[in-house]
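# Close look at the chain arrangement
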Amino acid sequence: SLKGLDGPLAVVEVPWAPVEEALGDLAVPCVGRESELSVLLDRWELARDGSGSVVLVAGEPGIGKTRLVEEVARAARASGGAVWWGASDEGGARPYGAVSEMLEDYVRDVPTEVVARQVGPGASVLGRLSASLGRLAATGGPDTSLPPEAERERTIDALFGLAAAVSTSSPLLVVFDDAHWADAASVDVMRHLARRARRL
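In this report, we go over the structure that sits alongside the text. Within each chain, residue numbers correspond to sequence positions counted from 1 in written order. With the structure being a predicted model, the display of local features is reserved for residues of pLDDT at least 70 and the display and counting of side-chain atom pairs for 80 or more, all residues being used for whole-chain, interface and lining totals. Each side-chain value is worked out from all heavy atoms of the structure, with water and hydrogens disregarded.

### What about helix α2 (residues 34–48)?
Numbered from the N terminus, helices here are DSSP runs of H or I no shorter than four residues, and strands are runs of E no shorter than two. One less than the residue count of a helix, multiplied by 1.5 Å, gives the span that helix is expected to have. Taking 1.5 Å of rise per residue, the 15 residues of α2 would be expected to cover 21 Å, and the 21 Å separating its terminal C-alpha atoms lies within 8% of that figure. The set of residues buried in α2 consists of L37, L40 and W44. Along the axis of α2, the buried positions cluster into a sector of 70°, meaning they face one direction only. In what follows, a contact means two residues having at least one pair of non-hydrogen atoms within 4.5 Å. Contacts made by the buried residues of α2 are with α3 (65–78) and β2 (172–177). Within two residues after α2, G50 carries a phi angle of roughly 100°, on the positive side. Exposure categories follow from relative accessible area, calculated using a 1.4 Å probe and restricted to protein chains: below 20% of the type maximum is buried, above 50% is exposed, and the middle band is partly exposed. Relevant arc is that of directions from the helix axis to the C-beta atoms, nothing else.

Listed below in structure tokens is the structure:
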């Protein structure tokens, strides 16, 4: 019997176990999105051949947008590609929040000497967005502060320079997850990368 209900209520117990225990070594399959997955993988193949583009994945909350893109990212990594993944949080208050996450994720997976070569002089600029890149910049020369608009342009140029350097050695998949929550600075980066995608 439950408070507020006139009669007894039938209940069902559902045992729970973490996915890893329930499935063992099997990966969680991506089901019911074969058509969408095919479109995204076709776009990835075009990007690998040098024709970059922008694809927007939209849908109701909880429909599996992130899971779909995770499958594309897995395929990208398996085929030798690099993946930059940044997610925005609800509220999106932190400037460059998704970009910071993206850079940290990339730096974590790539040897330091490779990152240092790829980021070059942009380390001092991007070091403000990524603690890991900031440590690389600490070994360089002093950096000067600029007015906000010039700083924004310099940040976008440094990020594009890094993307260009990465894409010379491996195709690059850039994911902005939950972009509808992104802060204005991250949206600005998305817009500029999207405009320049075909040049990478």
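### Observations concerning the nonpolar core
By nonpolar core we mean a set of buried residues, namely Ala, Val, Leu, Ile, Met, Phe, Trp, Tyr and Cys, connected to one another through side-chain atoms within 4.5 Å. Judged by nonpolar contacts, the single largest core of 33 residues is most densely connected at W84 and L126. Broken down by secondary-structure element, the contributors of at least two residues to this core are β1 (82–87), α4 (97–109), α5 (112–119), α6 (123–126), α7 (131–137), α8 (148–169), β2 and α9 (184–196). A per-element tally of this core places α8 first, with seven residues. Ranked by size, the runner-up nonpolar core spans 13 residues in total, among them W44, L68, V83 and V175.

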